[in-house]
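# Descriptive analysis of the structure
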Amino acid sequence: MRKVPFKKMHGCGNDFIIIDNREPIMNNLELSRFVQTVCTRRFHIGADGLMLLETSHIADFKMRYFNSDGSEGEMCGNGARCIVKYAYLMGAASDVMAFETLNGVYEGKILGENVQIKFPSIPIKDFHLHQPFPSDENDFYHFAWVGVPHTVVMEKAIDHIQDEDFMKWARKIRYNPAISPSGTNVNVVEICDEHQIKMRTYERGVEDETFACGSGATASAIISGLLDKVSSPVKVHTKGGVLTISFRITEDEVQDICLEGNAVVVAEGELMSEAPVNVSSREEG
Ligand SMILES: N[C@H](CCC[C@H](N)C(=O)O)C(=O)O
């Protein structure tokens, strides 16, 4: 049986399995199924996603991010904070680093227990504000591509939304091709004061509500800023903890976009890669 060394980490309860693949040990062909297997809760380690640390010709390392359904995502904010700490701990980078993703090169910085990620600037025109819902023209959403697609909806009291209602509502948006042809993550945001918001996120590729979403928090804070409801820095309260987002809005760009929060190693060991799980066996049998 093949054993694969890993660390399990989380950032605000958004949890990941991380594997050092600088000396290639993972076979690309079986990767999607492997990710689905090891990310399945109860039957395996379980996680929202899995990342591979790989070599890069243009940065200190390459981050490859997979959602728990086995799909490869362009970028993941909390995952990035975790892999930055992982790269530092594994000696793959110093405390200030650049890393490559499918969405370009990002910078990472170790700040004591916390990790900060700096995003590339985003043109203002890429934020689509006040879009009427295709199904209900009286209701609005906001949309941004912050490495991955995010839909943001403002609500008054998000803690009172029942989990079931949240999931039903979010799934309609997540799969609506008129909002985003490649699907979208869905965030609901409550403004607390000028420097604080609360949010809940339904994640594409996890197909569930997660405890926090770094890119979602970044999209939500900037959109709240563009709507003149908050100003930088913004503390984003998630189910799993607090993320801090800072940014600068200029005439045509949002610049100096930083995401900061914890990145915690909770376990390390070896995965048994050939222990596939079959969670649907009960339904099939
Ligand atoms: N949890 C992630 C987002 C993952 C993106 C993924 N759900 C996708 O759209 O492929 C974050 O902290 O930014």
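Computed from a predicted structure; not experimentally measured.

Reading the values: rules and limits
- Residues numbered from 1 in each chain as written.
- Predicted model: local features only at pLDDT ≥ 70, side-chain atom pairs only at ≥ 80, totals over all residues.
- Near = placed C-beta within 6 Å.
- Helix = DSSP H or I, 4+ residues; strand = E, 2+ residues; numbered from the N terminus.
- Nonpolar A, V, L, I, M, F, W, Y, C, P; charged D, E, K, R; others polar.
- Domains from an automatic or database assignment.
- Buried ≥ 20, exposed ≤ 12 C-beta atoms within 10 Å, placed from the backbone.
- Contact = placed C-beta atoms within 7 Å.

Here we come to the site of the ligand. The local shell around the ligand holds 17 residues, among which Gly-73, Gly-77, Asn-78, Gly-214 and Ser-215 are the closest. Taken together, the elements giving at least two residues each to the shell around the ligand come down to helix H2 (77–89) and helix H4 (214–226). Considering every element that reaches the shell around the ligand, the biggest residue donor is H2, with three residues. Of the residues that constitute the shell around the ligand, the class distribution is four nonpolar, 11 polar and two charged. Both domains that meet at the shell around the ligand, namely domain 1 (3–119 + 264–277) and domain 2 (122–261), each give it at least three residues.

Attention now goes to the domain arrangement of the protein chain. With domains assigned, the protein chain is organised as domain 1 (3–119 + 264–277) and domain 2 (122–261). Taking the mean C-alpha position of each, domain 1 and domain 2 sit 23 Å from one another. Counting residues per element, the ones that place at least two in the side of domain 1 that touches domain 2 are H2 and strand E8 (114–119). Per-element tally for the side of domain 1 that touches domain 2: the top contributor is E8, with five residues. Residues that form the side of domain 1 that touches domain 2 fall into these classes: seven nonpolar, 12 polar and five charged.

Residue placement: Ile-110 occurs in strand E7 (residues 104–111). For Ile-110, a count of 20 C-beta atoms within 10 Å gives the class buried. Considering only alpha carbons, one finds Ile-110 and Asn-176, 66 residues apart in sequence, at a separation of 38 Å. Leave out the neighbours within four places in its chain, and Ile-110 touches Lys-85, Tyr-88, Asp-95 and Val-115.

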